[in-house]
Amino acid sequence: MTDRIDMPNTHTILIIDDDPDIRKLLRLALEEAGYGVRDAQEGGAGIAIAKEGRCALAIVDLFMPGKEGLETILTLRREIPWIKLIAMSGGSSRADLLAVATSFGADQIIHKPYEIDALLASIGTLLPKP
């Protein structure tokens, strides 16, 4: 990994996904891009993390055990209205739920599988440059 002292990003991103491999992949990519990263394996834990720190953005999977993604997005939008939210899910049958996620408060949606560069571009449009 590169030395991030000179990296321009100072935002912290929260990853909420029950898949540890996805959390690890996203953490590596986001840290390499210079972001701080927190993560949680389900919605309730993610909401608690978001409340304790100033995460600028949360990436929320829609299908998780415990507090699932739509409920998590709705709670985050209500309790932390300034946080930016990206909803993600895989499979064509879940595309309708991604559309519902925007009505629940997601700022953007992303379909799995996705390209990391596309996700980073989406994040870049949502977060102000430091």
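Above this note sits the structure.
This one's a predicted model, so the numbers in the text were calculated from it and none came from an experiment.

Comments concerning the sheet that holds strand β1 (residues 12-16)
Read across the open sheet, the five strands follow the order β2-β1-β3-β4-β5; overall the sheet is parallel. Whereas interior strands pair on both sides, the edge strands pair on one side only; in this sheet they are β2 (36-40) and β5 (108-112). Direction aside, the axes of adjacent strands within the sheet are offset by 20° on average. Taken strand by strand, helix α2 (residues 43-52) contacts β1 and β2, and its axis lies near 145° from that of β2. Across the sheet, helix α3 (residues 69-79) is in contact with β1, β3 (57-61) and β4 (84-90); its angle to β3 comes to roughly 160°.

Concerning the pattern of salt bridges
Enumeration over the complete set of coordinates arrives at 10 salt bridges. We note a salt bridge from D39 to R23, for which the minimum N-O separation is 3.4 Å. On the criterion of sequence distance, the pair formed by D39 in strand β2 and R23 in helix α1 (residues 20-32) is long-range, its members being 16 residues apart. Here D39 falls in the partly exposed class, since its relative accessible area comes to 27%. Assessed through its relative accessible area of 13%, R23 is described here as buried. Among the ionic pairs, R27 bridges to D39, the shortest N-O distance being 2.6 Å. Taken as a pair, R27 in helix α1 and D39 in strand β2 lie far apart in primary sequence, 12 residues in all. Where salt bridges share partners, they join R23, R27, E31 and D39 into one cluster.

Parameters at a glance
- Residues numbered from 1 in each chain as written.
- Predicted model: local features only at pLDDT ≥ 70, side-chain atom pairs only at ≥ 80, totals over all residues.
- Heavy atoms only, no water.
- Pairing = 2+ DSSP bridges.
- Helix = DSSP H or I, 4+ residues; strand = E, 2+ residues; numbered from the N terminus.
- Axes fitted to C-alpha atoms, helices over the stretch in contact; angles between N-to-C directions.
- Contact = heavy atoms within 4.5 Å.
- Salt bridge = Lys/Arg side-chain N within 4 Å of Asp/Glu carboxyl O.
- Buried < 20%, exposed > 50% of the residue type's maximum accessible area, 1.4 Å probe, protein only.

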